[in-house]
Amino acid sequence: MRIVICGAGQVGYGIAERLAAEQNDVSVIDTSPTLVNALRERIDARGIVGHGAYPDVLAEAGAAEADMLIAVTLHDEVNMIACQVAHSIFNVPLKIARIRSQPYLQPHWQTLFATDQLPIDVVISPEIEVAEMVMRRIALPGALDSVRFASGTVALLAIECREECPILNMPLGQLSALFPDLGATVVGIFRDGDLFIPNSADQLYASDLAYVVVEQANVARTLVLFGHEEPEAGRIVIAGGGNVGLALTRAMERQKTSKRLRVIEADATRAHRLADELKRVTVLHGSALDPAILQEADISDADLMVALTNDDQVNILSSALAKRLGAKSNLVLLNGRTYHELSRSFGVDAVIDPKSVTISRVLQHVRRGRIRAVHSVQNGVAEVIEVEALDTSPLVGRPLYELQLPDGLRIGAVSRNGIFIRPNAQTRIQAKDHVVIFVKSTAVRQVEQFFRVSLEFF
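Bear in mind that the values here come from a model prediction, so they are computed numbers and not experimental data. (Residues numbered from 1 in each chain as written. Predicted model: local features only at pLDDT ≥ 70, side-chain atom pairs only at ≥ 80, totals over all residues. Heavy atoms only, no water.)

### Describing the environment of proline 291
Applicable threshold: Helix and strand assignments follow DSSP, with helices taken as H or I runs no shorter than four residues and strands as E runs no shorter than two, numbered in order from the N terminus. Only protein chains enter the calculation, and the probe is 1.4 Å; a residue is then buried if its accessible area is under 20% of its type maximum, exposed if over 50%, and partly exposed in between. Contacts between residues were defined by any pair of non-hydrogen atoms, one from each residue, lying within 4.5 Å.
Following the sequence through the fold, proline 291 ends up in helix H10 (residues 291-296). Among the residues examined, proline 291 registers a relative accessible area of 37% and is labelled partly exposed. Counting along the chain gives 31 residues from proline 291 to alanine 322, while the straight-line C-alpha distance between them is 8.2 Å. Here proline 291 is in contact with Leu321 and Leu325, once residues within four sequence places are set aside.

Quick look at the structure:
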């Protein structure tokens, strides 16, 4: 597949790195020679210095032969015009744009991105995606990550195994035998910096991060089985009233998620705007690094501190200070990778990576065939993919034990007409089943080849 990417920042670079590793023909455009040179040195992709919306630059990047254009520069208007030029001049079939400014995304302007207007096939709003992820985290405080698949019948949970976890040192096959009606499958384990797909003899150890595919109806029971019975946060303090913070507080107001919600915003003009717009939220003007402001927000009684400013250092330090002042837990937005490994030493409980959220949405449209959803885990080390089985698939009608599936993947669940099925060796996939697969990035190409002829998963 030939793909042109406009923008070589963290998101553009991350997308290019993933797609180039899968043997796609990738060209990346950016106005910064420094970013382009770094990209050329590190990954197998073409780098072009120039403006992503200029026709001559797009032509140099190969837009005339491109299957897809992905516009993820820092400027919405550049992304939109790049898609328009790609459509009008080069007839690029699929155009994806990151749009961050919320005025463009209001429901009453939804026809703006129609083919006869601004021809963008897929609009990605990181702020809305991140806000939705935070909402899922708040709803399931025992999970470090949670995503729904198959119209909400299947869930993926990332669960930290603590010392008190009751199923430590137990073979996973025995776990399935003890709880046959749980509908949960451990599809991946992250241990000591390595992610692997376990077999029935593998065991969970303290400090492991287990990736579990489970029936949505059994999510709470699964968390209890792993030793997590944390109550949902009722008193929440949010640091940062930018686009993400505003999207989150709006959603929480609509769903009445929090019994008491406080927002801290450093910019006075922005704080006044938030105070006027949010009717049931207390907005405080000041720095989240100021203990007096945190105390004014009643941080000592807070169940959760959510740090969503544009500064990673502020997010980490304000969250650490909040816990020192009495907050029970915290959730931190980190845009860069610099502080991810160090965050735990500062007392950070959970991290949100907006780059990973955006890449997951892009991959959903890059993968060929009947892809319904993609979720990237551990900075792209693996993916969870929901696919629809076709009538002609070699998977259909045969028990799973007969299939020569490549290494590096695990089928976690099958959803048939909205009914959850936990797969075992005897399970037979039927046409139109939705199959949730956990696959390591090193096996994606192999899986693509395996399913290429008749299943067309990818």
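### Points about the packing of helix H1 (residues 10-21) against helix H12 (residues 354-366)
Rules: Only the stretch in contact is used when a helix axis is fitted, and all axes are lines through C-alpha atoms; the angle between N-to-C directions ranges over 0 to 180 degrees. Note on terminology: angles under 35 degrees are roughly parallel, angles over 145 are roughly antiparallel, angles of 65 to 115 are roughly perpendicular, and the others are oblique. Two helices that cross are described as forming a left-handed crossing if the nearer one is turned anticlockwise from the farther one by less than a right angle, and a right-handed crossing if clockwise. Only Asp, Glu, Lys and Arg are considered charged, only Ala, Val, Leu, Ile, Met, Phe, Trp, Tyr, Cys and Pro nonpolar, and every remaining residue, Gly among them, polar.
Where H1 contacts H12, the two axes come as close as 10 Å, and the packing angle between them is 45°. Considered as vectors, H1 and H12 are oriented oblique to each other. Every pair of crossing elements has a handedness; the one defined by H1 and H12 is right-handed. Residues Gln10, Val11, Gly14, Ile15, Arg18 and Leu19 of H1 form the contact with H12, whose participating residues are Lys355, Thr358, Ile359, Val362, Leu363 and Val366. Classifying every residue of the contact of H1 with H12 gives 7 nonpolar, 3 polar and 2 charged.

### Side note on the UniProt feature "domain: RCK C-terminal" (unreviewed entry) in the chain
The test is simple: UniProt positions are given in the numbering used here, feature names are shortened, and annotations may be inferred rather than shown by experiment.
The feature "domain: RCK C-terminal" (unreviewed entry), as annotated in UniProt, sits at residues 144-229 and 372-453 in this numbering. For residues 144-229, the helix share is 16%, the strand share is 35%, and the end-to-end C-alpha distance is 13 Å.

### Some words on the pairing of strand E20 (residues 409-416)
As a reminder of what qualifies: A pair of strands is labelled paired if DSSP reports no fewer than 2 bridges between them.
Buried residues dominate E20, accounting for 7 of its 8 residues. Relative to strand E22 (residues 434-440), E20 runs antiparallel, the two being bridged by 6 bridges. Across the sheet, the residue bridging to alanine 413 is valine 436, located in E22. Across 3 bridges, E20 lies against strand E21 (residues 419-421) in antiparallel orientation. Bridge assignment links arginine 416 to a residue of E21, and that residue is isoleucine 419.

### Notes on the pairing of strand E8 (residues 154-160)
Along E8, 7 of the 7 residues are buried, which leaves the element largely enclosed by surrounding structure. What you see with E8 is no split at all: Val154, Leu156, Ala158 and Glu160 on one side and Ala155, Leu157 and Ile159 on the other are buried throughout. Note that strand E7 (residues 145-149) and E8 share 5 bridges and pair antiparallel. Each bridged residue has a counterpart across the sheet, and for aspartate 145 the counterpart in E8 is alanine 158. Hairpin connection between E7 and E8: a loop of 4 residues separates the two successive antiparallel strands, and alanine 150 in this loop has a positive phi of roughly 50°. Bridge count between E8 and strand E11 (residues 209-215): 7 bridges; the pairing is antiparallel.

### Regarding the environment of threonine 442
Turning to its location among the elements, threonine 442 is positioned in helix H13 (residues 441-451). Judged by its relative accessible area of 69%, threonine 442 falls in the exposed class. Distance from threonine 442 to glycine 412, taken between C-alpha atoms, is 18 Å for residues 30 residues apart in sequence.

### Observations concerning the sheet that holds E22
Taken in spatial order, the 5 strands make up an open sheet running E18-E19-E22-E20-E21, and their pairing is antiparallel. Each edge of the open sheet carries a strand with a single partner, namely strand E18 (371-377) and E21. Recorded for the sheet is a direction-independent mean angle of 20° between the axes of neighbouring strands. Contacting E18 and strand E19 (382-388), H12 crosses the sheet at an angle of about 150° to E18.

### Focus on helix H5 (residues 126-139)
Note the following rule: Here a helix's expected span is defined as the number of its residues, less one, multiplied by 1.5 Å.
Compared with an ideal rise of 1.5 Å per residue, which puts 14 residues at 20 Å, H5 spans 20 Å between its outermost C-alpha atoms and is within 8% of the ideal. A large share of H5 lies buried, amounting to 10 of its 14 residues. For H5, the full list of buried residues reads Pro126, Glu127, Glu129, Val130, Ala131, Met133, Val134, Met135, Arg137 and Ile138.

### Details of the sheet that holds E8
If you trace the 5 strands from one edge of the open sheet to the other, you get E7-E8-E11-E9-E10, paired in antiparallel fashion. What marks the edges here is a single partner per strand, and that holds for E7 and strand E10 (194-196). This sheet shows a mean twist of 20° between the axes of neighbouring strands, independent of strand direction.

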